[in-house]
Amino acid sequence: MRKYGLNGISDLVFKNPTASDEEKNAGKNQDAHVGTGDENADRGNWSSKREYMLSMIGYAVGLGNVWRFPYLTYKHGGGAFLIPYVIMLSIAGLPLFFMESSFGQFCSQGPINVWKAVPILQGVGITMMLVSTFVSIYYNVIIAYSIYYLFASFQYPLPWSDCSSWSDMDCNITATEYCNMTSFNGSLAAVNRSVMADGNQSCPDEFIVNAPLQSLSEQYWDVVALQRTSSMDEMGPVVWHLALCLLLGWIMIGAALFKGIKSSGKVVYFTATFPYAVLLILLIRGVTLEGARNGIEYYIGSQSNLTKLAEAEVWKDAATQIFFSLSIAWGGLTALASYNKFHNNCYKDSIIVCVTNCSTSIFAGFAIFSILGHMAHVYGRPVSEVAQAGFGLAFIAYPDALSKLPISPLWSILFFFMLITLGLDSQFAGIEVITTCLQDAYPKILKSKRGPITVIICVVLFLLGLPCVTGAGIYWVNLIDTFCAGWILLVAGLLEVFGLSCIYGGNRFVKDIEMMIGTRSALFWIWWRACWFFITPVVLLVILAWSVYTFTAPTYGSVEYPEWGIALGWCMTAFCLMWIPVVAVWKLVKASGSPWQRLKSTCLPTEDWGPYLERHRGERYGRARMDDSNVYVISNKNTTRL
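Remember, it's a predicted structure, so these values are computed and weren't measured experimentally.

Calculation notes
- Residues numbered from 1 in each chain as written.
- Predicted model: local features only at pLDDT ≥ 70, side-chain atom pairs only at ≥ 80, totals over all residues.
- Heavy atoms only, no water.
- Helix = DSSP H or I, 4+ residues; strand = E, 2+ residues; numbered from the N terminus.
- Buried < 20%, exposed > 50% of the residue type's maximum accessible area, 1.4 Å probe, protein only.
- Contact = heavy atoms within 4.5 Å.
- Areas by Shrake-Rupley, 256 points an atom, 1.4 Å probe, with all protein chains shown as cover.
- Axes fitted to C-alpha atoms, helices over the stretch in contact; angles between N-to-C directions.
- Parallel < 35°, antiparallel > 145°, perpendicular 65-115°, else oblique.
- Left-handed = near helix turned anticlockwise from the far one by under 90°.
- Nonpolar A, V, L, I, M, F, W, Y, C, P; charged D, E, K, R; others polar.
- Salt bridge = Lys/Arg side-chain N within 4 Å of Asp/Glu carboxyl O.
- Expected span 1.5 Å × (residues − 1).
- Core = buried A, V, L, I, M, F, W, Y, C linked by side-chain atoms within 4.5 Å.
- pLDDT = per-residue confidence, 0-100.
- Phe/Tyr/Trp six-rings, centres within 6.5 Å; stacked < 30°, edge-to-face > 60°.
- Lys NZ or Arg CZ within 6 Å of the ring centre and 35° of its normal.
- Patch = residues over 30% accessible without salt bridge, like charges linked within 9 Å, V, L, I, M, F, W, Y side chains within 5 Å.
- Polar contact = N/O pair within 3.5 Å; in protein donor to acceptor, adjacent residues only side chain to side chain.

This brings us to the overall build of the protein chain. Helix and strand counts for the protein chain come out as 28 helices and seven strands. Residue burial in the protein chain is summarised as follows: out of 642 residues, 58% are buried. Within the protein chain, contacts between residues at least 6 apart in sequence are counted, and of these 81% link residues at least 24 apart. Taken as a whole, the protein chain presents about 26400 Å² of accessible surface, with 62% of it coming from carbon and sulfur.

Turning to the packing of helix H10 (residues 216-225) against helix H18 (residues 391-402), a few remarks are in order. Running from N to C, H10 and H18 point in directions that differ by 130°, and their axes come no closer than 8 Å. By the criterion of interaxial angle, the relationship of H10 to H18 is oblique. For the pair H10 and H18, the crossing hand works out as right-handed. Contacts between H10 and H18 involve Ser217, Glu218 and Trp221 from the first element and Phe391, Phe395, Ile396 and Asp400 from the second. Its residues placed into classes, the contact of H10 with H18 shows four nonpolar, one polar and two charged.

Scanning the entire structure with this criterion turns up 11 salt bridges. Between Lys266 and Glu51 there is a salt bridge, with its nearest N and O atoms 3.0 Å apart. A residue pair is termed long-range when its members are at least 10 positions apart, and Lys266 in helix H12 (residues 261-271) and Glu51 in helix H3 (residues 49-60) qualify at 215 residues. The buried category is assigned to Glu51, whose relative accessible area is 3%.

For helix H6 (residues 82-107), built from 26 residues, the straight-helix expectation of 38 Å at 1.5 Å per residue is met to within 8% by its first-to-last C-alpha distance of 36 Å. Of all 26 residues making up H6, 22 are buried, and the element is well covered by its neighbours. The first or second residue beyond H6 is Ser108, which carries a positive phi of 55°.

So, on to the nonpolar core. Burial of nonpolar side chains together is a common tendency in soluble globular proteins. Residues Tyr145, Trp221, Phe395 and Trp532 are the most contacted members of the largest nonpolar core, which totals 199 residues. Of all the elements, helix H7 (residues 122-152) adds the most residues to this core, at 21 residues. Residues in contact with Tyr145, not counting those within four places in the same chain, are Trp221, Leu226, Leu242, Phe391, Phe395, Cys468, Gly473, Ile474 and Val477.

On to the confidence of the model for the protein chain. Scored by pLDDT, the protein chain has a mean of 82; 82% of the residues are at 70 or more. Per-element confidence in the protein chain is highest for helix H11 (residues 240-257), whose mean pLDDT is 95, and lowest for strand E7 (residues 632-634), whose mean pLDDT is 37. Scored below 50 in pLDDT, residues 624-642 makes 48 contacts in the model with residues more than four places away or belonging to other chains.

What follows is about the packing of aromatic side chains. Within the structure shown, the criterion is met by 52 aromatic pairs. Ring geometry for Phe134 and Phe575: centres 6.4 Å apart, planes at 90°, overall edge-to-face. Here Phe575 lies in helix H25 (residues 563-577) and Phe134 lies in helix H7, a separation of 441 residues in the sequence. On the numbers, 5.8 Å between centres and 85° between planes, the contact of Tyr145 with Phe395 is edge-to-face. Here the residue Tyr145 occupies a position in helix H7, and Phe395 occupies one in helix H18, the gap between them amounting to 250 residues. Here Tyr145 falls in the buried class, since its relative accessible area comes to 2%. Phe395 sits in the buried class, given a relative accessible area of 0%. Over the face of the ring belonging to Tyr504 we find Arg508, whose NZ or CZ atom lies 5.2 Å from the ring centre. Over the ring of Phe524 we find Arg520, and its NZ or CZ is 5.2 Å from the ring centre.

Judged by side-chain polarity, Phe151, Phe154, Leu244, Leu247, Leu248, Ile251 and Met252 come together as a nonpolar surface patch covering roughly 660 Å² of accessible area. Here the nonpolar patch takes five residues from H11, the largest share from any one element. Here Phe151 is to be found in helix H7. According to the relative accessible area criterion, Phe151 is partly exposed, its value standing at 47%.

So, about the packing of H7 against helix H23 (residues 487-517). Between H7 and H23, whose axes approach to 10 Å, the crossing angle comes to 150°. By the angle between their directions, the pair H7 and H23 is classed as roughly antiparallel. In terms of crossing hand, the pair formed by H7 and H23 is left-handed. Only Ile488, Leu489, Ala492, Leu495 and Glu496 of H23 make contact with H7, whose side of the interface consists of Val124, Thr127, Met128 and Val131. Of the residues that constitute the contact of H7 with H23, the class distribution is seven nonpolar, one polar and one charged.

Further remarks concern the side chain of Gln109. Relative to the helices and strands, Gln109 resides in the loop between H6 and H7. Within polar-contact distance, the side chain of Gln109 engages the side chain of Asn113 at 2.5 Å.

And the structure:
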């Protein structure tokens, strides 16, 4: 029996053992995650194609489709933004999505073990797993926020529509105007205009200053929901209602994933489809409201500005949104695709998922901005003053807009239930990345322990997430999001496309895909080769350079982070990225021969690389031979290494 400890950790990170033939055939009827009709009796397969497609769509369609894309579209010229968005989907998003899902399906392995194709880059898989781990910690906190707001919505009126029951502050929501006396008559003071009016004094218009005003929904978000402290330095106690909601979120995830894809595949029938029903209901309700037309015009209508296309930031934001919206380089696409049957048409699946994801983003924008347009009409303000992104849209602006509708609790319940289901689908894949990597590393030990391992992972991540539900929790969430879910993924994606196209061999990879989907004409592959060899790497490199060049220290609103917080963020970034050079050096050290032979051997596939099942290996992967340097390579007469 294998012992755990340093040797076990070394095996997980560097060795990545695979199951032997005996292990593949053992215990077919003992594991809940393996069905009797599964093609792969060791790892299991999706129960049906529908479950896989719904899981992929649920993973790709997340919170960013609802709270980030509509704002970017409005910000960057309305309908004009769709031009760079679609172009970036074609040259960056879709090629990477197709590559990553094909990669996992071909070898039926998770994000770490797939790099047996290019062992020197196996650290890229570890980086993906670590990023998914960090993101899972804070992403479930966002789900906890949504759960809390869902429970708070079961009352009338909605609690953020009236602050008399929870606020010790002045509940006045009318902006206060001050006269800047320093500029007016030289005295160092700012006097309330109402006080001046009582004293029969006037103030010239050019010296009038409007005091910053928090809406009731913003006060509720800060004071009641978050109980937010003044800075990250002031941690504050655990906010127990959020901690309990966080626990509930992890219980739901653990229950859905207890039997792996066999159980999560059933859950996504609801979680992946329910958001579309809610968006349709909200859109129908929104377009019937007064002022909705103004909101839609600001989003994608007559006020579209084609001159925005000349700005580099527009193209950078379009590419970034595509990259993150499709969940590329997180490891989830590889993990989910690894449970497909070998001859599944991953090309067709990639087209469907990518088009569905982008269409959902556009559709969600109409539902969001129609109601924001009504909110602007009620307040008598421009739509630009109520449109926000991220937390501001989901937990401040949109709840505020919903509170102005008749039967407001109903709309609020539907909206936050939708956010929960959107978040859960993404979390399913994030946790699947971790469990798949562990299962692939220790197939014999963990094969029949999928449920307990999932529970342990959920418990550990719940405990690690507790700092995110303290008074300073929102600062932690924003910090992890900035440093772990940002340009680290661009690095991983760039190395992924470079490793497969240039080191492994683009032509070899094309032949691998054809083993699964059938032989295609040379004309069919022209576009994909052009993207994988040149266009996509260049786009990623430009976005990465731009992101690093324009990087600024994160803030939450007007609150700046302390130096130790910024340093901690960079430490998280370094911890995720360090495994790429560490594993590369380890592989070189463990190899034998001259420096060139070591480098060559670590860039060649391992002996057991290829389709997981022997009957799928064919002539190309049926036998391994030894070359003159005593390094195992795969016989491949029909491909050319680039």
